[in-house]
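Per-entry structural report
Letter by letter, the chains look like this.
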Amino acid sequence: MFRSTISDQDRDLVMMVRDLARQEIAPQAVLYDAQGNENFDRSAVDLLAEHNLLAPGISQKYGGRGLSHLTTTMILEEIAVACAGVATVAVANMHTVSPLVTSGTEAQRQEFLTQLTGGKARLGALAMTENRPNLNISVVNSQVEIISSSVTGYWQDNCLILNGFKDYVLNGQVASFITVLVSLDRSEKKSGLQIVVLPVSLPGIRMGAVRHKIGLKYCNSCEIIFENVKVEPQYIVGKPGSGFLIFMQNLDRMLPYASAVSLGVARAAFETAVAVAKKRNIMGHPSFEESAVSFALVDMAAQLNAARQSVYLASWLIDKELDSSQASSKAKILSSRAAHEISSKAMEIVGGRACIKGYPSEIYLRDAEMLSIIDGSEQFHKSLIAAQL
């Protein structure tokens, strides 16, 4: 249904990305996982940059492809089928610049959006997450409430001085710039929040420990420490105290991207299980001919299709500038659940080798576990939806 709403040119692009990912990224996926979080191999990033796919939704005005949310979602799914960690790098990129797209100045867009486009594109990082309960988030009257951030700032000579830390920052150690949520006045709660975008070369920004995740290992994650970082006015995004509003404007818009990565993991696990079931013989015939196996695969196919339609719907609503709040959260729930449940069932069908470290099926399961909490857990999004019923 939704594929018919994009242009023939965009459909051809999606198919091109499918072939590219299968031929160039998928053969290296096990190696990327084995190398872990510390040893970042730029080969996949350089490949995506060559085809201007590190942030394909950025407007052509700034060197991007200017793709719709729906087309971008389809592309991310294709990359994630090959390697979810590589797709997550692109998702983190688009998260980083989303506040600039909606609320940045023209000068900020020219400086930072252009860094993520073209054949020599760089990477960006969004610093929102913390390992201590300083980022106070709750759901009140159908709205997300962010009370404070552990990165604090105060004004000095028309500049912001930042101190604090952020953790589990995707693309952290390999990013050229970072977008940070800062608490200027905790007594004002959400009205005291501000978003800033910072080149990592600014004095006082220091990379902390690398975080060794169980999945999505290609996407580097680390702690970032801010020590008396002087922020000039040109790096402040939006009006004073607008950080919470900007965050809310971009929350729903970004969810389909992470959901698309979950779709890719679910599809990869499903396709692997189908291939094994049709090749492996049990009692002289393929295991696929056993109803217990074939019916399980049918259930997996139905679950994958339902999740995909939910993600595409959310993306389509965003493109049409319609209310996508519930649709985005529902898509996140259904896609994360599909990735986890399908990858788990696929391991049962594949059998013992699926439990051997480095076999694709066990990588899919670990990636699915990570994706279940990226951009909010199922419980968080259920709270958002319940508050709007």
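Residues numbered from 1 in each chain as written. Predicted model: local features only at pLDDT ≥ 70, side-chain atom pairs only at ≥ 80, totals over all residues. Heavy atoms only, no water.

The next thing to look at is the overall build of the protein chain. When helices and strands are counted, the protein chain shows 11 helices and 12 strands. Compactness check: the protein chain gives a C-alpha radius of gyration of 21 Å against a globular reference of 21 Å for 389 residues, within 12% of the reference. On the principal axes, the C-alpha backbone points of the protein chain span a range of 80 × 45 × 40 Å. Within the protein chain, the fraction of its 389 residues that count as buried is 55%. Accessible surface, the protein chain as shown: approximately 16200 Å² in total, 53% of it carbon and sulfur. Distance from the positive charge centre (36 side chains) to the negative charge centre (38 side chains) of the protein chain: 1 Å. (Helix = DSSP H or I, 4+ residues; strand = E, 2+ residues; numbered from the N terminus. Rg over C-alpha atoms; globule rule 2.2 N^0.38 Å. Buried < 20%, exposed > 50% of the residue type's maximum accessible area, 1.4 Å probe, protein only. Areas by Shrake-Rupley, 256 points an atom, 1.4 Å probe, with all protein chains shown as cover. Lys, Arg positive; Asp, Glu negative; His and termini not counted. Charge placed at Lys NZ, Arg CZ, Asp CG, Glu CD.)

Close contact between helix α1 (residues 8-25) and helix α4 (residues 69-82) brings their axes to 8 Å; oriented N to C, the two are set at 15 degrees. The angle between α1 and α4 falls in the class roughly parallel. Once α1 is placed against α4, the crossing between them reads as right-handed. Note on element contacts: α4 touches α1 through T71, M74, I75, E78, I79 and A82, opposite D10, L13, V14, V17, R18, A21 and I25. (Axes fitted to C-alpha atoms, helices over the stretch in contact; angles between N-to-C directions. Parallel < 35°, antiparallel > 145°, perpendicular 65-115°, else oblique. Left-handed = near helix turned anticlockwise from the far one by under 90°. Contact = heavy atoms within 4.5 Å.)

Within the structure shown, the criterion is met by 14 salt bridges. Between R366 and D33 there is a salt bridge, with the nearest N and O atoms lying 2.8 Å from each other. Remark: D33 occurs in helix α2 (residues 29-35) and R366 occurs in helix α10 (residues 360-371); sequence separation between them is 333 residues. Residue class for R366 comes out buried when judged on its relative accessible area of 14%. We classify D33 as buried; its relative accessible area is 7%. A salt bridge links R42 to D46, with the nearest nitrogen and oxygen atoms 3.4 Å apart. Exposure remark for R42: the relative accessible area of 34% places this residue in the partly exposed category. The class for D46 is partly exposed, based on a relative accessible area of 41%. By sharing partners, the salt bridges in this structure join R18, E77, E78, R267, E271 and R308 into a single network. (Salt bridge = Lys/Arg side-chain N within 4 Å of Asp/Glu carboxyl O.)

The next thing to look at is helix α11 (residues 378-386). Residues of α11 that are buried include every one of H381, L384 and I385, and no others. Projected down its long axis, α11 shows its buried positions confined to an angular sector of 95 degrees, all on one face. (Arc of directions from axis to C-beta.)

The subject of this paragraph is the environment of L76. Within the secondary structure layout, L76 lies in helix α4. Note on L76: relative accessible area 1%, which makes it buried. Separated by 25 residues in the primary sequence, L76 and V101 place their C-alpha atoms 19 Å from one another.

The next point concerns the packing of aromatic side chains. Each aromatic ring pair is characterised by the separation of its centres together with the angle its planes make. With the rule as written, the count across this model stands at 4 aromatic pairs. Centroid distance Y32 to Y218: 4.7 Å. Interplanar angle 50 degrees. Geometry classified as tilted. In this pair, Y32 is assigned in helix α2 and Y218 in the loop between β8 (205-210) and β9 (221-231), connecting sequence segments 186 residues apart. As far as the burial class goes, Y32 and Y218 line up, both buried. For the ring pair F112 and F177, a centre distance of 4.9 Å and an interplane angle of 50 degrees mean the geometry is tilted. Placement of the pair is F112 in helix α6 (residues 106-112) and F177 in strand β6 (residues 177-183), with a sequence separation of 65 residues. Taking the relative accessible area as the measure of exposure, F112 reaches 1% and is therefore buried. (Phe/Tyr/Trp six-rings, centres within 6.5 Å; stacked < 30°, edge-to-face > 60°.)

With respect to the helices and strands, the residue Q194 is situated in strand β7 (residues 193-199). A distance of 2.8 Å separates a polar side-chain atom of Q194 from the backbone nitrogen of G241. Not counting residues within four places of it along the chain, the set of residues in contact with Q194 comprises V180, L181, V182, L184, I236, V237, G238, K239, P240, G241, S242 and G243. (Polar contact = N/O pair within 3.5 Å; in protein donor to acceptor, adjacent residues only side chain to side chain.)

Over the atoms rolls a probe the size of a water molecule, and in doing so it shows where empty space is left. Taken as a whole, the second largest pocket spans an internal volume of roughly 320 Å³. Lining the second largest pocket are 18 residues, and of these G57, I58, S59, V101 and R253 lie nearest its centre. Counting only elements with at least two residues in the lining of the second largest pocket, the list comes to α5 (84-103) and α7 (243-279). Ranked by residue count, the leading element in the lining of the second largest pocket is α5, at 4 residues. (1 Å grid on protein atoms, 1.4 Å probe; cavity = no way out; pocket = protein on both sides within 12 Å on 5 of 7 lines; lining within 4 Å. Points joined across faces, edges and corners; volume = space filled by probe spheres on them.)

This part is about the confidence of the model for the protein chain. In this model, the protein chain carries a mean pLDDT of 90, and residues with pLDDT of at least 70 account for 94%. Of all helices and strands in the protein chain, the one with the weakest mean pLDDT is strand β2 (residues 137-140) (55), whereas α4 scores best (98). (pLDDT = per-residue confidence, 0-100.)

Before going further, it helps to examine the nonpolar core. A general tendency of soluble globular proteins is for nonpolar side chains to be buried together. Counting residues in hydrophobic clusters, the biggest one holds 117 residues, and the most contacted among them are I25 and L198. When near neighbours in sequence (up to four residues on either side) are disregarded, I25 contacts L20, Y32, L47, L48, I79, A82, C83 and V86. (Core = buried A, V, L, I, M, F, W, Y, C linked by side-chain atoms within 4.5 Å.)

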